Amino acid sequence: MNFLEERIAKDGIVKEGNVLKVDSFLNHQMDTELFNAMGEEWKKRFEGKNITKILTIEASGIGIACVATQKFQVPVVFANKSKSINIEGEVYTAEVESFTHKNKNQVIVSKKFLGEEDHVLLIDDFLANGCALQGLIQICNAAGATVEGIGIAIEKGFQKGGTTIRNLGYQLESLAIVESMNAETGEVFFREN
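Here the structure is a predicted model, which is why all the values come from computation and not from measurement. Sequence order as written defines the numbering, with residues in each chain counted from 1. In keeping with the predicted nature of the model, local features appear solely for residues at pLDDT of at least 70, side-chain atom pairs appear and are counted solely at 80 or more, and the whole-chain, interface and lining totals rest on all residues. Computation of side-chain values: all heavy atoms of the structure, hydrogens and water removed.

### As for the sheet that holds strand E7 (residues 119-127)
- At least two bridges found by DSSP between two strands is the condition for calling them paired. Strands here mean DSSP runs of E at least two residues long; helices mean DSSP runs of H or I at least four residues long; both are numbered from the N terminus. Strands sit in the order E4-E3-E7-E8-E9-E10 across an open sheet of 6 strands; the sheet is mixed. Of all strands in the sheet, those with a lone pairing partner are strand E4 (76-79) and strand E10 (187-190), marking the two edges. Averaged over all adjacent pairs, the angle separating strand axes in this sheet is 25°, with direction ignored.
- Looking at chain direction, strand E9 (residues 172-182) and E10 are connected through 4 bridges and run antiparallel. Each residue of the ladder has a partner; that of Asn 182, found in E10, is Glu 187.
- The contact criterion used throughout is that any non-hydrogen atoms of two residues lie within 4.5 Å. The axes are straight lines fitted to the C-alpha atoms, using for helices just the contacting stretch, and the angles between their N-to-C directions are given from 0 to 180°. Here helix H2 (residues 32-45) sits on the sheet and contacts E7, strand E8 (146-156) and E9; the angle it forms with E9, its principal contact strand, is near 120°.
- Packed onto the sheet, helix H4 (residues 131-143) meets strand E3 (53-57), E4, E7 and E8 and runs at close to 165° relative to E7.

### Structural notes on the packing of helix H1 (residues 3-11) against H2
- As a packed pair, H1 and H2 sit with axes 10 Å apart at the nearest point and diverge in direction by 145°. The residues of H2 that touch H1, namely those facing Phe 3, Leu 4 and Arg 7, are Leu 34, Ala 37, Met 38 and Glu 41.
- For this classification, Asp, Glu, Lys and Arg are treated as charged, while Ala, Val, Leu, Ile, Met, Phe, Trp, Tyr, Cys and Pro are nonpolar and the rest, including Gly, are polar. Of the residues belonging to the contact of H1 with H2, the class tally is 5 nonpolar, no polar and 2 charged.

### Remarks on H1
- Leu 4, Glu 5, Arg 7 and Ile 8 are the residues of H1 that are buried. Across the axial projection of H1, the buried residues extend over an arc of 160°, all falling on one side.
- Residues of H1 that are buried in the fold lie against strand E2 (19-21), H2, E8, E9 and E10.
- Where H1 begins, the side chain of Asn 2 points an oxygen toward the backbone nitrogen of Leu 4, at a separation of 2.9 Å. Each residue is assigned to one of three classes by its accessible area relative to the maximum for its type, calculated with a 1.4 Å probe on protein chains only: buried under 20%, partly exposed between the two thresholds, exposed over 50%. The directions considered for the arc run from the helix axis to the C-beta atoms. Contacts described as polar in this section are N or O atom pairs within 3.5 Å, which, within protein, must combine one atom able to donate a hydrogen with one able to accept it, while residues neighboring in sequence count only if both atoms come from side chains.

### Things to note about unusual backbone geometry
- At the junction of Glu 58 and Ala 59, the peptide bond is cis and its omega measures out at 0° in the coordinates.
- Topologically, Ala 59 is positioned in the loop between E3 and helix H3 (60-72).
- The backbone of Asn 18 shows a phi angle near 60°, a positive value even though the residue is not glycine.
- Along the polypeptide, Asn 18 turns up in the loop between strand E1 (13-15) and E2.
- Although it is not a glycine, Gln 73 sits at a positive phi angle of roughly 55°.
- Within the secondary structure, Gln 73 is located in the loop between H3 and E4.

### With respect to the side chain of Thr 56
- Mapping Thr 56 onto the fold places it in strand E3.
- The residues contacting Thr 56, other than those within four sequence positions of it, are Gly 61, Ile 62, Ala 65, Val 76, Val 77, Phe 78, Ala 79, Ile 123, Asp 124 and Leu 136.

### A closer look at the nonpolar core
- Counting residues in each nonpolar core, the largest one holds 31 residues, and the members touching the most others are Leu 4, Ile 8, Leu 20, Leu 26, Met 38, Trp 42 and Ile 154.
- For this core, the element with the most residues is H3, which contributes 5 residues.
- Residues contacting Leu 20, with those up to four places away along its chain left out, are Ile 8, Gly 12, Ile 13, Val 14, Phe 126, Ile 154, Lys 156, Val 178, Met 181 and Val 188.
- Listed in part, the 25 residues of the second largest apolar core include Leu 55, Val 107, Ile 137 and Ala 145. Joining through side-chain atoms within 4.5 Å is the link that ties buried Ala, Val, Leu, Ile, Met, Phe, Trp, Tyr and Cys residues into a set, and such a set is a nonpolar core.

### Here's the deal with the pattern of salt bridges
- For this analysis, a salt bridge means a side-chain nitrogen from Lys or Arg found within 4 Å of a carboxyl oxygen belonging to Asp or Glu. Within this structure, the stated rule accounts for 12 salt bridges.
- For the salt bridge of Asp 11 with Lys 10, the shortest nitrogen-to-oxygen distance reads 3.4 Å.
- Taking relative accessible area as the criterion, Asp 11 reaches 23% and is therefore assigned partly exposed.
- With its nearest N and O atoms 2.9 Å apart, the salt bridge here joins Glu 155 to Arg 166. Of this pair, Glu 155 sits in strand E8 while Arg 166 sits in helix H5 (residues 161-167); the two residues are 11 residues apart in sequence, bridging distant segments of the chain.
- We classify Glu 155 as buried; its relative accessible area is 2%.
- Connected via shared salt-bridge partners are Arg 7, Lys 10, Asp 11 and Asp 31.

Structure below.
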């Protein structure tokens, strides 16, 4: 078991409907030392890649990406889930469906922060069906940017997202891949590496 799998086994809570709550350390209360270790691991896994930007999606990906980027020493850009008066000028947009929130959002990135010269590492907290990642990939494609890789904290291996993204040819590095969960016992079973 790696460091993230151990933390999930210790502090994750399994709920009915294939929900894994990790809000005590990953996406509500944040353990930045854990995020630092995640950043170090992604830096190893994407060694030799020419990363110029990290792109994530609000809100849960922002904290992880901001700590991880210290290892890459590049800016973090995040896709907003709604347009505000603070976002001015031309934007890239994509529609994404959230597994957790059961809704669709238009995500937005300002054109001034992403362009054809960028080599992007996508980072997010969860991968379930892959809709958020596909939206971020669509935005990168619209910008002419190159997606160099994708770093995910927790992948739900029993859902289609990981297979979909890997079949598109991207280097997808998930730090913990959950094969199954048992809401009655609270057990989480991880994919063997």
